[in-house]
Amino acid sequence: LDGGPIGPGREMVIEAKVYTWSSTTDTVDFWYTSDATNPEWKFITSIKPAEDDSFNTISANFILPHGTLQAVRVTNRYSGVGQACATSGWDDMDDLAFAVENSCPVFDCFER
């Protein structure tokens, strides 16, 4: 958020531009994992789109955990319950993996 390097403990923002059919039945879910090579997705939040039948820009903030290759996932689901892996033919998901600068002292780099 502040334009500094991507590092553990920093607040980050995920911004996604998604096409949503309905503001009542569609939901956008945000997820992250600290290990993109072996992901265990952790839920951030769910947000309803503001407009029907249009592109919506939706964002969510989270604190970056420790890990050198991380990923975020955004799912756009039609009804149902939020899951990291889309199960409906109407659902969609996209991932973005990125490297993280490990700038913490060795004794402070353990997962919290």
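Scroll up for the structure.
What you see is a predicted model, and the numbers here were worked out from it, not measured in a lab. (Residues numbered from 1 in each chain as written. Predicted model: local features only at pLDDT ≥ 70, side-chain atom pairs only at ≥ 80, totals over all residues. Heavy atoms only, no water.)

A. Structural view of the overall build of the protein chain. When helices and strands are counted, the protein chain shows zero helices and six strands. If you list the helices and strands of the protein chain from N to C, you get β-β-β-β-β-β. Based on the C-alpha atoms only, the size of the protein chain along its principal axes is roughly 50 × 30 × 20 Å. Among the 112 residues that make up the protein chain, the fraction classed as buried is 36%. (Helix = DSSP H or I, 4+ residues; strand = E, 2+ residues; numbered from the N terminus. Buried < 20%, exposed > 50% of the residue type's maximum accessible area, 1.4 Å probe, protein only.)

B. Highlighting the sheet that holds strand 2 (residues 26-33). Read from one edge to the other, the open sheet built from four strands follows the order 3-2-5-6, with strand pairing classed as antiparallel. In this open sheet, the two strands that pair with only one neighbour each are strand 3 (42-47) and strand 6 (92-99). Shown here is a sheet whose adjacent strand axes are inclined to one another by a mean of 15°, direction ignored. Of the pairings in the sheet, the one linking strand 2 to strand 3 comprises five bridges and is antiparallel in character. Within strand 3, the residue paired with Asp29 across the bridge is Ser46. (Pairing = 2+ DSSP bridges. Axes fitted to C-alpha atoms, helices over the stretch in contact; angles between N-to-C directions.)

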